[in-house]
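Chain and residue survey
Listed below, chain by chain, are the residues.
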2 protein chains.
Amino acid sequence: MRKRKIKKHPFSAPLIIAGSFFSLIVLGTILLKLPFATTTPISWVDSLFVATSATTVTGLSVFDPGTTLTLFGELVLLVLIQCGGIGLMTFAVAILILLGKKIGLQNRIYLQESFSQGSIGGVVKLTKLILIFVLTVESIATILLTLHWLPTYELADAFYYSLFHVVSAFNNAGFSLFPDNLMSFTYDPIVNFTLSSLFIIGGIGFVVIVDIYQKKSFRTWQLHTKMMVVGTIFLNIFATIILFILEFYNNSTIGKMNLAEKILTSYFNAVTPRTAGFNMIDYGQMEDSSVLFTMLLMFIGGGSASTASGIKLTTFIVNIFATIAYFRSIEEPYLFGRTIRKEVISRSLAISTVSLSIIFVFAFALTITENIPFLPLIFEVFSAFGTVGLTMGITNQLSDIGEILISIIMFLGRIGPLTLFFILTRPKKVNYRYPYDQVFTG
Amino acid sequence: MRKRKIKKHPFSAPLIIAGSFFSLIVLGTILLKLPFATTTPISWVDSLFVATSATTVTGLSVFDPGTTLTLFGELVLLVLIQCGGIGLMTFAVAILILLGKKIGLQNRIYLQESFSQGSIGGVVKLTKLILIFVLTVESIATILLTLHWLPTYELADAFYYSLFHVVSAFNNAGFSLFPDNLMSFTYDPIVNFTLSSLFIIGGIGFVVIVDIYQKKSFRTWQLHTKMMVVGTIFLNIFATIILFILEFYNNSTIGKMNLAEKILTSYFNAVTPRTAGFNMIDYGQMEDSSVLFTMLLMFIGGGSASTASGIKLTTFIVNIFATIAYFRSIEEPYLFGRTIRKEVISRSLAISTVSLSIIFVFAFALTITENIPFLPLIFEVFSAFGTVGLTMGITNQLSDIGEILISIIMFLGRIGPLTLFFILTRPKKVNYRYPYDQVFTG
Ligand SMILES: [K+]
Ligand SMILES: [K+]
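Residues numbered from 1 in each chain as written. Chains lettered and ligands numbered in written order. Predicted model: local features only at pLDDT ≥ 70, side-chain atom pairs only at ≥ 80, totals over all residues. Heavy atoms only, no water.

1. Some points on the overall build of chain A
What counts, and what does not: Here a strand is any run of E in DSSP of at least two residues, a helix any run of H or I of at least four, and the numbering for each starts at the N terminus. For every residue, the accessible area obtained with a 1.4 Å probe (protein chains only) is divided by the maximum for its type, and the residue is called buried under 20%, exposed over 50%, and partly exposed between those limits. When checking whether two residues touch, look at their non-hydrogen atoms; a contact exists if any pair is within 4.5 Å. Where accessible areas are quoted, they stem from the Shrake-Rupley method and a 1.4 Å probe; at the residue level, only the protein chains shown are allowed to cover.
Broken down by element type, chain A carries 17 helices and two strands. The burial tally for chain A puts 61% of its 442 residues in the buried class. In chain A, of all internal contacts separated by at least 6 residues, the share reaching a separation of at least 24 is 70%. Accessible surface, chain A: about 17,700 Å² in total, of which carbon and sulfur atoms supply 68%.

This is how it looks when you write it as structure tokens:
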């Protein structure tokens, strides 16, 4: 009886997630290494790196995908991105429901109806629901972008370019078939807004989408949805203004653009680090201040149960409000007339602590193995951990060990926070309590 | 009645601390600006910077104190260091007792007896006790070092050099009268061990000293003392090994030394970042990996209620154990058979979060105002916040705004954690609680 109870507990979920992602990466590595996948031969390490980058929807690459990959190679990349992005989102939503956590009353009814308490049938239903949503959004965007690119390219090319960039954008992958990523589209608001809307929708989280879809008024949204929507709008506007000001006179980025282009590109620079990773400017030419600010955005990332990574916007907001609450001697912070539970605060702080520790340890290791200046190197680590894919141009200078280290960071960055969330949300064990003793800190 | 109750609560302690430190800095700025304080005229900003650096026991300087300051200037520096270092330690111990926190049963009786519940007489008694301790340690060390330096210098010089470096070491200030700080003493184990012992004793915290002094056996020490002693020994050995390995082949630091000198210097490099700030090597020539590791050590810092700064070793240890505990689904972590209270964990995490935020905001501001490479700049910020005083050699390249920003960081780094501690330890107000709502993080 006791044994069965332990078996029923979904204890191995982190293993299932890590295992299936690892398998997908191995499969991708083999497929990309096939002679007809690339125009010039690539090493196993390079293949592993790009397969990991695609599966974890990062977008870092040691070669230019548009010229090095054949059509077959590009399609492998596309499938890895779509499976990696939607796969993890589905896992995440499933775990949220499996754990029986309250995701707002209406939401719970709706999602748990489709999902019926974690049975196989439920998983199929949920996956269906997510797939319908993803394919609908991606189809509309692909048609829109194909029409936009028709004058420039032939129909087949316009469609293929559109499909690739739409899938890459919705999954927050940031891979592009253009050698300079999106740097030649700073003048093109359609490309800018189509792709940024896609990665914002993909990155805000499925639970938020369902909540918004079901309820008309802001007042009835659950706290999580309010935090995500208000937080995203606020942070995007704030970041746009900051990056607009910091780069205004930088002639290597937006300095020579006209005002409209400056604003559009600053908006894109503000939203792409969380965690799409497309770039419209050369990050190697950015001001140090902008680079540092972008690192913060990459660390924050998108929404829970989405195609985005990072510690998540809600984690960041909870940390801020919890810290302010401590100062005001309030035990549990509140927001929009709702109190945030202590275990959410503990979890947020644990996720942030572990994330910073991972970044520190790997940055430390890379300063030993690589002969690359510190700022681009630490930027690469933040980019890999947030599965962002922005780079100051050092990805192809990495040593083999460096590539493997960055691959591990991408893997941890994509799998880590979710499995952490899962582990930290497990029911508490009862434990013997030792007597208290005072510790002075600070 | 209600009003009196509020007045009785030591609510203004943070203001008293900040105010007296600010006054000391202003006084120091004026004294150092006097024509006979320097051999060549210095600007008001430079004077403010060095006065702040001395009062906060940091040790960063925009000029070489040994050549720019006259004897009068040096003595002003010395008084600022001694007052700043011991002053804050006394404040900190007083606050710990005032707040009526359990600092171990025996300790409480002993310290609270001398202190008799926060009366003026008590403060005088406590200050006396600390002064006796400090002057005893400093006198013994000064005699020892004078004897050691007698063959090299005349008696007056040997005594003066000894006194200056002993005071600077005990207060974790890191100021030296030698133009290359302690770089010419890598071969001198007496100087190495005398000064490092001084700053370790000064930096471990008065409460720990009293506890060790009173109780013979490790078993009877309070948890705080055990954490500080075991943590300090472990971290110092660990850091010595790491820095020994990383710099072994670096010919610009320890590469050309013989093995004994290598080990001795690595030991010094391991202990000086927390938070003495003397240097036996040129940090501008260190490996990036060692620099990053040193930044972590500077961030950790020394002990509570000591002459050291940083977030404090106990804060760091509590963070680690709290994070591990979350993963093991244990609500409150335990150590040496004692449980750490939830409010201690919350406080530690709040102190770490605020410290990192301060570092980020000021680093961001400095990347805008300064035209200095990122690594030395962020190193300087960590050094200033931990009031360490190590530099990669950019202090005299700072702009006026940069000097003022770094001065503010030093001030916050020295005053901040203590006032934070005080604010966070205030009795909780009762507040209206909103209904709970779930938030997904990570
Ligand atoms: K990405
Ligand atoms: K110092």
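That was the structure; now back to the text.
2. Digging into the coordination of the potassium ion (ligand 2)
Residues and elements named next belong to chain B. Test applied: For Na, K and Ca the donor cut-off is 3.2 Å; for every other metal, N, O and S atoms count as donors within 2.8 Å. Water does not enter the count, which can leave sites looking incomplete.
Only Val57 (O), Thr58 (O), Asn172 (O), Ala173 (O), Thr275 (O), Ala276 (O), Thr387 (O) and Val388 (O) from the protein reach the potassium ion (ligand 2) as donors, at distances of 2.5 to 3.1 Å. Mapped onto the sequence, the donors of the potassium ion (ligand 2) take the spacing V-T-x113-N-A-x101-T-A-x110-T-V. Here Val57 is found in the loop between helix H3 (44-55) and helix H4 (65-68), whereas its partner Asn172 is found in the loop between helix H8 (155-170) and helix H9 (189-204), with 115 residues between them in sequence. Per residue, the accessibility class of Val57 equals that of Asn172, and both read buried.

3. A look at the packing of H9 of chain B against helix H12 (residues 259-271) of chain B
Residues and elements named next belong to chain B. To keep things clear, this is the line we draw: For helices, the axis comes from a line fit to the C-alpha atoms of the stretch in contact; other axes are also lines fit to C-alpha atoms, and the angle between any two N-to-C directions lies between 0 and 180 degrees. Oblique is the label for any angle not under 35 degrees, not over 145, and not in the 65 to 115 range, which are roughly parallel, roughly antiparallel and roughly perpendicular in turn. A crossing counts as left-handed when the near helix is turned anticlockwise from the far one by less than a right angle, and as right-handed when that turn is clockwise. Ten residues, namely Ala, Val, Leu, Ile, Met, Phe, Trp, Tyr, Cys and Pro, are considered nonpolar, four, namely Asp, Glu, Lys and Arg, are considered charged, and the remaining ones, Gly among them, are considered polar.
In the contact formed by H9 and H12, the axes pass within 11 Å of each other and the chain directions differ by 20°. In this view, H9 runs roughly parallel relative to H12, as classed from their interaxial angle. Helix-helix and strand crossings are classified by hand; for H9 and H12 the assignment is left-handed. The segment H9 lies against H12, with Pro189, Asn192, Phe193, Ser196, Phe199 and Ile200 engaging Leu264, Thr265, Tyr267, Phe268 and Val271. Of the residues contributing to the contact of H9 with H12, the split by class is eight nonpolar, three polar and no charged.

4. Details of the packing of helix H11 (residues 223-247) of chain A against helix H12 (residues 259-271) of chain A
Residue and element names in this part refer to chain A. It is the contact of H11 with H12, at a shortest axis distance of 8 Å, that shows an interaxial angle of 125°. The orientation of H11 with respect to H12, classified from their angle, is oblique. Note that H11 runs across H12; the crossing there is right-handed. Residue-level inspection shows Asn236, Ala239, Thr240, Leu243 and Phe244 of H11 in contact with H12, the latter providing Leu259, Lys262, Ile263, Ser266, Tyr267, Asn269, Ala270 and Val271.

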